[in-house]
Structures are given as structure tokens and as C-alpha cells.
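# Residue-level structural notes
Below are the chains, spelled out letter by letter.
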Amino acid sequence: MNPETKRRLRLLFSLFRPRLAALAAGFAALLAVDAMQLFIPRVIRDAVDGIAAGSADEQSLFRQGLVIAALGCGVFVCRYGWRRLILGASRQVERDLRARIFDAVLGLDAPFFHKNPPGSIVALASNDLNAVQMACGMGLVALVDAVVMTLACIGFMLAMHPFLTLIAVAPLPFLALATALLSARLHHRFAAAQKRFAELSEFCRQSFAAIRLVKAAGIEARQTRAFGRIGRSYIRDNLRLATVQGALFPFSGLMGNLCLLLVLLAGGRLVIEGAVSVGELVAFISYLFMLTWPMMAFGWVAGLFQRGMTSLSRIMKVLDSRPVMAEPSEPLPLPAMDKGVRIELSGLNLDSGPGRRLLEGIELSAGPGLLGIAGPTGAGKSLIAAVVARILPVADGCLFINGVDANRISPAAWRGLVAFVPQHSLLFADTVRANIALGRPDAGLAEIEAAARAAAIHDEIMAMPAGYETVIGERGVSLSGGQKQRLALARAILSDKPVLVMDDPLSAVDAATEQEIIANLRKIFRNRTCIVASHRFSLFEEADRVVVIERGRVTDRGSHRELAARNPWYAMVAARQAMDLKP
Amino acid sequence: MRGNFGYFEDDRPGSFSAGAIWKRILVRVRPWWKSVLLAVVLSQVVVGAGLAIPWLVKEALDRYITAAGLAPAERISGILRIAVLFCATAATGFAANFFQVVVLERCGQEIMHRLRQDLFARIISLGLPFFDRQPVGRLVTRLTNDIQNMHEMFTSVIVTLFNDILRMAAIVVILAAMNPVLAGILLLALPPLFGLTALFGRTARRLFRDIRATVAALNSFVQECASGMSVIQIFGAEDRVRSRFDELNRDNLVRNLRQIAVFAMFMPVIELFATASTAVVIWRGGSRVLEGMMSIGALAAFLHYIRLFFQPVREMSQKYSIVQSAVASAERIFLLLETTQQEPQGGGRVPRSPAGAVEFREVSFAYDGGPEVLRGFSLKIAPGETVAIVGPTGSGKTTVINLLEGFYRPGRGAILVDGVAVDELDPAWLRRFIGLVSQETLILPASLRENITLGRDIGEAALARVVEQARLGPLLSRMEKGLDTAVGIGGRVLSAGEEQLIALARALAGDPGILILDEATASIDSATESLIEEAIATTLAGRTAIVIAHRLSTVRRADRIVVMEAGRIAESGSHEDLAAAGGRYAAMLEGERLRD
Ligand SMILES: Nc1ncnc2c1ncn2[C@@H]1O[C@H](COP(=O)(O)OP(=O)(O)O)[C@@H](O)[C@H]1O
Ligand SMILES: Nc1ncnc2c1ncn2[C@@H]1O[C@H](COP(=O)(O)OP(=O)(O)O)[C@@H](O)[C@H]1O
Ligand SMILES: [Mg+2]
Ligand SMILES: [Mg+2]
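Residues numbered from 1 in each chain as written. Chains lettered and ligands numbered in written order. Predicted model: local features only at pLDDT ≥ 70, side-chain atom pairs only at ≥ 80, totals over all residues. Heavy atoms only, no water.

## Focus: the site of ligand 2
- In the vicinity of ligand 2 there are 17 residues, among which Gln483(A), Gly394(B), Lys397(B), Thr398(B) and Thr399(B) approach most closely.
- Neighbouring residues of ligand 2 are not confined to a single chain but are spread across chains A and B.
- Here an oxygen atom of ligand 2 sits 3.2 Å away from a polar atom, N or O, in the main chain of Ser478(A).
- One of the side-chain nitrogen or oxygen atoms of Thr399(B) is found 2.5 Å away from an oxygen atom of ligand 2.
- A total of 560 Å² of accessible area belongs to ligand 2 in isolation, and the protein chains cover 85% of it.
- The element best represented in the shell around ligand 2 is helix H11 (residues 397-404) of chain B, accounting for three residues. (Near = heavy atom within 4 Å. Polar contact = N/O pair within 3.5 Å; in protein donor to acceptor, adjacent residues only side chain to side chain. Areas by Shrake-Rupley, 256 points an atom, 1.4 Å probe, with all protein chains shown as cover. Helix = DSSP H or I, 4+ residues; strand = E, 2+ residues; numbered from the N terminus.)

See the structure below:
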């Protein structure tokens, strides 16, 4: 068994372990059903024989009828039992595995999400999980049933005639070999189909998430065509899968027939030679007929298991993913912060792929107080903000908090220190209140309102249909751009962390509101460390220091006034923004 | 997170009867009836081969193996002859089975593909009010998991179902011909059987409908979390998200367990029917034989046929849960497919000589169930005029654009483009005519080139021009494959400002009659912005433009500035006039000046 399979089985076992008792009871019930079902025909035969022999009477028939009915009830109860126990367990396994996927996803960071878009994660937690659940439920039942039936039949056959049995089972190794080969094919083709399915999900997701663009640009037909192309590939993948699947299942039936044929030939010869009686051969063959169904079931089960295993390994890829910003092996405690927080970047380089340098040799230190980051579009301001918020991983010795290397501190502890206002306001389909209180679920309404006031959004919230309890649509679709931004700001203010990182937080806010917010923030700047990237220089007038980033490098630093006087680019932007002032 | 992530349990209130759903399914299967028929025929071959093999064995036994009269060599060669037939039959059965699977998969996939395409086309044609209420994850679930669910039924059930019904009917007919009385008795078992099935069917459908709702809720939730993970992590909300997820996950489990409990009852009950009738036949039938009212042969035959009769019934009941689950999915799909709330189709009119005149006449508007956002908004824009709209956030600026684009219908009043009401215009034409750079930039996962052209036929020269106008040069110089670099999810990540530049290039590339910039340069530095302004000045000349912005430096050059407040126009005029008038605009200027 290769290590990959071993790991998958270990995972499955750990999922099944809490339910072993239920499963054992379920399988006991399943076996009881098998046994009772073998017994009922006997009672019937006895009854018919009795009638034929004339030894039966009304009473004995009633008794036999009663026995059959009782067995029927027993079958009913046991069947009900195994269905609930085994299928129920498979659903619980599904639930647990889904929870593990979600847990794993919760612990992963930006590089993972860049490679695995939301649609494919959803596909994993629904479609792939479904394949695993099928294998764990009906697949397992069919397997156990088939194994038991096969063993029982082979046992009877062995007792009857070992030589014929040997001949009968001779093709089985070939069956095993062929099944293994076909399964390997199935694995690749099913993996391809599942991947395509994830692609399909992600395409739908993107099209609907970008519906405003789709509508405004009138590209509905184009999207539908592109979707159709993926759908066509999905058909092709599934047909390739079906050719394996279509062979696998009937193939085991074919092998069963081969067994039968061999017995017929060898047994026929033995009968003709007088070594075996006709009665024996007939009985032997009737057992072989009983074997036909379980043999075919093996093919079906093999397909189901292979699909389950393939999906499981897709799931395990996520379970095995580790965040790039992993927990340090020996996390250091957070440094003392009674004198404020100082964030330092030293010699920070950031690459995305070989030879693609995004940030180069960034040196800067922030806090306590406000540090402004200015720079042209695409210079790398957001990257610096993301690095400080620990969304993007950095190498050792680049990022420090009060002199301690960030990579030596647990990411969770770091995040406990930093509040962040992202450039794209990320809101959730939830109430306004819950969105603001994301970082402080315990916050009372008074605190939430205070934060909303500081972000100059309180009045607008009160004007919404249900005030703070208004549910905003997914990604905040029912809000204006500036409202979204200020909710994100209120969220960060409420979370009350010593470090506040804001990435272009007021770009969609009008000047008057901006002034109001800046006045409110002024109180916050005073005893905190703030890093603000912005295109609006009005914020920088409050800053202790401003750095100018150009093409991934720090090209200048100083106070707002100094830069306005010295740096040509800065002066030009400042002048243009000042132009607003002169009528 | 404790909000109602399932939103409403249903896509919309209402449901179909089972008959209505089946009718719709059959309509979709009909074009493929030849393939389905072929699959059925092939499956008959499989069944035939399955029956022929025991018969061949019996023949071999009867004719040769036990035929003591024949010479051993003859007996052996007889067996070999039968062995050849046996091989041929088995091989035929195998081949038929293989092709049945492939044929069925093919037509199943094709039918589902059609359905998926139709559903996608329908959803994407629906208006924005629909999308405001629908979580994306649910729509995706309908298009993926629900379709998959139907496909599952199609490949694993349809043909077997057909065969089983055929088999049952055949047995009843044979039985009726052989022994009408026995057949009559057996048929008595049918009404309770059907009644039971119908009863379970109704319960099952309700259960599966619930399951489809939780599946969609789970998917929406997972998707939303995956999309916003960085914020969840920074704000340390993992535990809360996790417990909300656990709730949804548990709901889903509970509903699945409920469904299992119901089917754990249903299938054994069917079985119990069979056993109980056997018991009754042994007791009552046996007594009648003893009384001499019935032959023992008839009794044996009857027992045999009970077994035969219940075999397909049992198999159908096994598949019943797949069928019910698929029907629940089909119901969701067809409800969505027949959602009537469409985009305003408009009269399909196109102005004879579009010049770009825009007029809002006393427009009032409220979003679904919300307060009035626009109140008696009136604005007339002459062709070629550049109008700037300023005003506090939430005052309704984007809403004005939404209405002009025909995304929503105004509650009162009218919106005219070149004298034609937006309602009557062909929306495709209108949206081509308007070039919109919306506030929320959206990048498709495709090459930069595709993101700009959006599949429109734009010459290289025009492309080079818009790239120049939107100042994409610095960005392109950093992209090793230039315009062919893949961007968006899975490709290169862009900065917010770069995304806005691309959105601008995209709008300019359409050579629009009306250009709308909705805070289109909010994430772009002022230096780049002024370069863009210069570059598009020639393009703007003679074109209608609406510019929404907060930075007054962006709007001051407009022919007219409109100040909006709470859904109304508070004042309008040129920069100089307004600044001198001492109204709200002047106050805004003053506000900016105060910072100094
Ligand atoms: N996560 C990322 N991975 C790779 N490249 C990125 C990533 N984020 C941004 N970039 C690239 O880095 C450059 C700087 O981006 P950014 O910091 O967002 O600019 P800005 O200064 O406008 O905020 C951009 O050209 C962008 O393409
Ligand atoms: N899709 C929507 N559903 C419900 N309300 C909305 C929707 N879009 C915007 N609103 C509300 O309408 C008002 C005006 O929004 P908008 O026009 O976007 O303002 P802005 O002037 O900032 O562009 C805001 O209060 C906002 O909450
Ligand atoms: Mg940025
Ligand atoms: Mg807006």
C-alpha cells in the first residue's frame, strides 16, 4: 500500500472512530438481515414439502406463516436499523469532514486563496465531499454485503467440492488485476472531471459576482458562451470517465460468467467421467449463480470507492495545505507596549515569482503616531499595508514590532494588535451591527454607535429600514461605495487595537465627511500607531511623517510640508489637490 | 456572524406539483428520445443476456452433461458448442452494458448541459434587483450541485425505472393470462403499495426540498467566507464564523438524517409487504390446497410470482430516494428558470440619430422595500455637455447612473435618452452607447487585452489609443507578456488604481456616445489623474459625459456642476458661478480650505 493511500485510510479511520459502535451495530444488523433472508426460503420449502407430503395441517401452516411473518418483521427492524446506523454514520462523517475542510480553510492565508478561488473551495466542500460520502455509505454497505455473500458462497462451495471451487475462483486474480488497472484510469479521469466541475462553479460565481460589469458592458452572451465552453469540456471529461466506468462495472459480471463457464466445462467433464454426480454439479452451479450479484457489486463498489478516494485526495490537498505564515516553532511573547508600538520594516523585499520584484529594500518605521504612505498608482502602497497587517508573508528580519521579528510571533497574536481597513471594503451578508462588531462581538450597542459616529456613518445607519439591524446584501451590495468604506472604518475603530492600518480608507467619501472623520481620527492617532496609505493628501497633514513609494522603493520621506516643498511629484499632487481651494 | 445566511429558505415562494416537474423533465428529455430508446434497448439486451446464461447452463446440463445415451466425446463437444454460445452471450451482454452506460452518460450530459446553459442564460438575463436579493452561492448551487443531482437520477435511474415498470407490467400480464384469480389477488396489493409510495413521496419531497435549501446556504456561506477570509482573520472572527458554519453544517446533517430515517422506514416496509403476502399465501393458500380447492402447482407458481413481482418493486424503492432528491433539485431549477422578474425588456427602440442627450424628469425611486433614494430628481444634459455630480456619499449619485443604465425602473418620472424613454430603448444598444466606469471595479480572470475589449471587435490602433489614454503604460511595462498577461483570480494581482485604469480603458474602447465616470479615479493618484484628463480631453469633446467625483479638482473643469443632496439637486452651475454663489458648493470648497 503506498503511503498516500495509507494516509487517506488513516484520515477515514479517524473520522469513523467516534462512530465505530454504531457502525458495528449497523453491520451486525446487516448480517442479521442476510441470515434471516436465507432462512425464509427454507421455511417456505418446508411448508410446500409438507403440503405435498400431506403432513401439513391448517395449524402447522398457520405456524409457518407466522414464522415467515415474524422473520419479515425481524428483517424490517434490522433493515431499518442498519440504514439509520450506517447511512447516518456516513452523513456524520460527511459533516465532520466538511468541518475539517472549513477549519483548514480558516487557517490558510493569501497565497492559498490566490491559487484556490472560492468557487473551487465550494465545489470541494459539496461535490467532492458527496463522492466521499457515497463511498462511505452505500459503498461500504455494498462492499460488506458482497464480501459476506462471496465468502459464504465460496465456503459452501469449498465444503462441497474443493477442486471445482479452485477452478471457479481461478479468474478472480485477473479480475483483481483488471480492476486495479481500470481504477487507476478512473482515478485520473474522475480527478479531471472534478477539477472541471470546480472550474464550472468558479466561473458561475465570478459571473454573478461581477453581474454589474456583465450588465453594463452587455456581455451576457459572451459569458454564456464561455460557460458553454467549460460545460462542453465537462461533458468530454465525463464521457472519458464513462468509458472506464462503463467497462469496470460489467467487467466483473463478465468475470463471474467466466467462472461459471469454467465450472460448466470442468464439472461437465467430471460428470461425464463419473467423478461428480449431476446433483452435486447442479447444487454447485446454483451457488455460482448466487455469486453473480456480489461479483457485479464488486465492480460497482470499486468504481464508487475509487471516486471517493480521488475526491478524498483532492480534499486532503487542502487539509495538508499550511499557511505560509505558520505558527513559529517557539513563539516569542509580545513585547512590552506601555510606551506605545513601533513597527519597523527593514530591508523588505517582496517578489511575486522569479525576477518580479514588487518591493525593494523598504526601510521605514512607524509609530507611535501617524505614518503616511504616498505614491503613484501601483507603486506598492497596498503591499506595504498588507505586509504590516500580516496578510502577505515576509522573510525573517524584515518586519519588527518593538524590536521583535514578526516571524517569531504567532500570526494570531499579531493580528490581535492590528486593525485593518482594506482598500476594497469587505463586508458580509449580515446585519450592519454584526459587520461593525466583527472584531468585538461582545461590544455593546453604545460602543458600536460610538464607532459608527467616529466613522460618520451613524446617521445614515439610523435612516436604514431597520437601523443597526438592517441586513446588508452580500458584499454590501445595498450600500453606496462611501457607506461601505465607512462601515469598514467603523469596524476597525471599534476593534480598538494599538495599531491601525488603513489602505486608502476615504477614497469614496466626500470632502466634508472626510474632514469630519479626520477630526474624529485625530483623537485616535494620538495614542496609537497608524499607517495610512492614501491618495488624499489631506490626511497627511496630520501625519508625523510621510514616505513616498515609487516603483516599489522608498524614494523620499519627511513631513507633509517638507515633501510639498521638496519632492516634485508630491508637490505636483499637493498643488493639484490645493487647486480645489481656489475658486 | 449570525445574520440570516440562508436569506430566505426558498428562491421565491411557490412550488410545483410533482406532475408539473415531471412534465418539464420529460420535455427536456424528448429531443434525446432516440438515445434513451437505444439505452433501453441495450439494457434489454443486457437483461436478455442475463436470462440466457442460466438457460444455456440448463441446456448444457439437460442435453449433454446428463445425457447418458450419448458418447462421452459427443457430450464433450456438445458442451463446447454451448460454451461458445455462452461466450458469445456473455460478450454481448458486456458490450451492451458498456454501450448502455456510455450512451446514457452522453445523452444525460447533453441534456444537463442544455439545462445548465438555459439556466445560466436565464439567470444572467435577470435584472439587478434579483441579484440584490440572491446570494451568489445559491445561484451557483443551482447551476452545479442541483444539475448534478438531476444527472445522477438520469444515469442511474431512468432506464432501470423503465425496465422495472416494464417487468412488473409483463409479470402482471403473464399472470393474468395464466391465472386471472391469482393475478387479481396480487393486484390487490397494488393500491396500498401506491398509496404508501405517494405518501412517502410527498414527505420525501419536503425533506429533500429542505436539504436543497441547507446545501445552498452552506455553499453560500463557505463561498462568502472564502472570499473574505483575510478580513475574518484580521478581526479574529474565526471562532464566530466557525460556530455559524457548525450551525449550518448541523442543520444540513439533521435534515439528511431525517431523510435517512424516513427512507429507512420506507424501503423495509415495501419488503415487509412482500414477506407478509408470502406468509398469508402459505397460510391461506396452503389451507386451500389441503381443502383440495387449489392445486399445489398453483401455490408454488403463486409463491414464485410474488417473488418476481416484488423484485422490481424493491429495486424501484431503492432508487426512490435518488428520484425524490432529483425532483427536489429539478423543482428549484425550474422555479429559477421560470422566474418572471426579468430585465425590463424595453420596446427594443433605438434613437434614429443618437447624440447623447439625457433627461431625468421628476424621477423618484426607492430600492426594493427601502426608503426613497431619489425624490423628484430632474436633470437635463445636452449632447456633448460634461456634467459633474458631487454630493455626500449616499446622496444617490450612483443610483442616478443605475437608472440611466436601465438597471432599475424608476418609481415615478421618466428618463429619456435622445428623447426616448429608457424603458423603451433596446437595453443592449443603450449599454453599448453608454460607457460606464463604475464605482466598484471588476476584473475578469482573463488577459488584460480581454479585460479591455470584453470580446468586442476593437482594432489594434484603437486599443493602443485607449491604453495610452488610460495611462496603462507603466503597468504594461511591468507585465512580461504585455496585454496578454493574465490578470484577476489565478493571474497577476492588480492594485486598486490599476484596476480603475483598466476599467477606464474598457469604457473608452467601446467608443461610447455617453461616458460615465462614477468615482472612476478615486484610487488613482492626482498626478496620473491629470494626465488622464488631458489624454481624454479630445475624446470627451463633443461627447456627453457625466463625472461623479469627490475631489473637486476632478470636477471643476466640467461645463456644469450639479450638487446632490438626499436624492435631490441642491444647486447647479459652473465652478465659478457656484463658488461665487455662496451655497453648498462654496461651503464644500470652504471645507477643503479649512484643512490648510
Ligand atoms: N498579492 C499580490 N501578488 C502579486 N503582485 C501584486 C500583489 N498585490 C499587488 N501586486 C502588484 O504590485 C504592484 C503594487 O500594487 P499595490 O501595492 O496594490 O499598489 P498601490 O500602491 O496602488 O496600492 C502592482 O503592480 C500589482 O500588480
Ligand atoms: N442595491 C441597493 N439596494 C438597496 N439600497 C441601496 C442599493 N444601492 C444603494 N442603496 C442605498 O441608496 C442610497 C444611495 O446610494 P448611492 O446612489 O450608491 O449613493 P452615492 O451618492 O454615494 O453614489 C444609499 O443610502 C444606499 O444605502
Ligand atoms: Mg492600493
Ligand atoms: Mg456612489
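Picking up where we left off.
## Description of the domain arrangement of chain A
Residue and element names in this part refer to chain A.
- Domain annotation for chain A reports domain 1 (20-320) and domain 2 (343-581).
- Its C-alpha centre places domain 1 at a distance of 55 Å from the equivalent point of domain 2.
- Facing four residues of domain 1, the contacting portion of domain 2 comprises five residues.
- When domain 1 packs against domain 2, the two sides together hide about 310 Å² of surface, and 56% of this comes from carbon and sulfur. (Domains from an automatic or database assignment. Contact = heavy atoms within 4.5 Å. Buried area = accessible area lost by both parts, 1.4 Å probe.)

## Overview of the domain arrangement of chain B
- We note that the domain assignment places domain 1 (16-179 + 327-342), domain 2 (180-293) and domain 3 (358-595) within chain B.
- For domain 2 of chain B and domain 3 of chain B, the distance between their C-alpha centroids amounts to 54 Å.

## Section: the sheet that holds strand S1 (residues 358-366) of chain B
All names here are of chain B.
- Strand order in the open sheet made by the four strands is S2-S1-S4-S5, with antiparallel pairing throughout. Here the strands that pair on one side only, and so sit at the sheet edges, are strand S2 (372-381) and strand S5 (420-421).
- In terms of strand pairing, S1 meets S2 through six bridges, oriented antiparallel. What sits directly across from Phe365, in S2, is Leu374.
- Against the sheet, H11 touches S1, S2 and strand S4 (412-417), its axis set at about 110 degrees to S1. (Pairing = 2+ DSSP bridges. Axes fitted to C-alpha atoms, helices over the stretch in contact; angles between N-to-C directions.)

## Quick look at the coordination of the magnesium ion (ligand 4)
- Surrounding the magnesium ion (ligand 4) are the protein donor atoms Thr398(B) (OG1) and Gln439(B) (OE1), which sit 2.0 to 2.3 Å from the metal. Residue Thr398(B) is found in helix H11, and its partner Gln439(B) is found in the loop between strand S6 (434-437) and strand S7 (446-447); the two are separated by 41 residues along the sequence. (Donors = N, O, S within 2.8 Å, 3.2 Å for Na, K, Ca; no water.)

## Section: the interface of chain A and chain B
- Facing the 163 residues of chain A at the interface are 173 residues of chain B.
- Between chain A and chain B, a total of about 14,700 Å² is buried, with carbon and sulfur atoms accounting for 68% of that surface.
- There are 10 salt bridges connecting chain A and chain B.
- Glu440(B) is the partner of Arg475(A) in a salt bridge, and the nearest nitrogen-oxygen pair spans 3.8 Å.
- Viewed at the interface, chain B and chain A are joined by 31 residue pairs in polar contact (both at pLDDT 80 or more).
- Of all the elements, helix H9 (residues 220-273) of chain A adds the most residues to the side of chain A that touches chain B, at 29 residues. (Salt bridge = Lys/Arg side-chain N within 4 Å of Asp/Glu carboxyl O.)

## A word on helix H1 (residues 3-16) of chain A
Residues and elements named next belong to chain A.
- When the terminal C-alpha atoms of H1 are compared, their 20 Å separation across 14 residues agrees well with the 20 Å that a helix rising 1.5 Å per residue should span.
- Burial in H1 covers these residues: Arg8, Leu11, Leu12, Leu15 and Phe16. Along the long axis of H1, the arc covered by the buried residues comes to 135 degrees, so they all point the same way. Exposed positions of H1 whose direction lies more than 90 degrees from the buried face are Pro3 and Arg10.
- Check the buried side of H1 and you find it contacts helix H2 (20-53), helix H3 (58-106), helix H5 (118-160) and helix H10 (278-320). (Expected span 1.5 Å × (residues − 1). Buried < 20%, exposed > 50% of the residue type's maximum accessible area, 1.4 Å probe, protein only. Arc of directions from axis to C-beta.)

## Notes on the site of ligand 1
- Contacts to ligand 1 come from 15 residues, most closely from Gly378(A), Lys381(A), Ser382(A), Arg478(B) and Val493(B).
- In this structure, ligand 1 is bordered by residues of chains A and B.
- One of the backbone N or O atoms of Lys381(A) is found 2.8 Å from an oxygen atom in ligand 1.
- Contact with the protein chains hides 88% of the accessible area of ligand 1, taken as 560 Å² for the molecule alone.
- If one sorts the elements of the shell around ligand 1 by residue count, helix H11 (residues 381-388) of chain A sits on top with three residues.
- Here the shell around ligand 1 is composed, by residue class, of six nonpolar, six polar and three charged. (Nonpolar A, V, L, I, M, F, W, Y, C, P; charged D, E, K, R; others polar.)

## Comments concerning the coordination of the magnesium ion (ligand 3)
All names here are of chain A.
- Those donors, Ser382 (OG) and Gln423 (OE1), are the protein atoms that reach the magnesium ion (ligand 3), and they lie 2.0 to 2.3 Å from it. Of the two residues, Ser382 is situated in helix H11 and Gln423 in the loop between strand S6 (418-421) and helix H13 (432-436); the sequence distance between them amounts to 41 residues.
- Among the residues examined, Ser382 registers a relative accessible area of 24% and is labelled partly exposed.

## Focus: a nonpolar patch on the surface
- Taken together, the side chains of Trp33(B), Leu37(B), Val41(B) and Val45(B) present a nonpolar region at the surface, about 360 Å² in accessible area.
- Note on placement: Val45(B) falls in helix H2 (residues 33-65). (Patch = residues over 30% accessible without salt bridge, like charges linked within 9 Å, V, L, I, M, F, W, Y side chains within 5 Å.)

## Structural notes on the nonpolar core
- Ranked by size, the top nonpolar core spans 192 residues in total, and within it Leu97(A), Ile436(A), Leu487(A) and Tyr570(A) carry the most contacts.
- What Tyr570(A) contacts, discounting residues up to four positions off in sequence, is Ala374(A), Phe537(A), Phe540(A), Val546(A), Val548(A), His560(A), Leu563(A) and Ala564(A).
- Of all hydrophobic cores here, the second largest spans 96 residues; its members include Met153(B), Val323(B), Phe433(B) and Ile548(B). (Core = buried A, V, L, I, M, F, W, Y, C linked by side-chain atoms within 4.5 Å.)

## Re unusual backbone geometry
Residue and element names in this part refer to chain B.
- Of note, Arg471 is a non-glycine position whose phi angle comes to about 60 degrees, a positive value.
- Along the chain, Arg471 falls in the loop between helix H14 (460-469) and helix H15 (473-477).
- Despite not being glycine, Glu519 has its phi angle at roughly 45 degrees, a positive value.
- Of note, Glu519 is situated in the loop between strand S9 (514-518) and helix H17 (526-540).

## Comments concerning the packing of H2(A) against helix H10 (residues 296-337) of chain B
- Interhelical geometry of H2(A) versus H10(B) gives an angle of 170 degrees and a closest axis separation of 11 Å. It follows that H2(A) is roughly antiparallel to H10(B) by the angle criterion. Judged by residue contacts, Ile44(A), Val48(A), Ile51(A) and Ala52(A) of H2(A) engage Ile296(B), Leu299(B) and Leu303(B) from H10(B).
- Here the contact of H2(A) with H10(B) is composed, by residue class, of seven nonpolar, no polar and no charged. (Parallel < 35°, antiparallel > 145°, perpendicular 65-115°, else oblique.)

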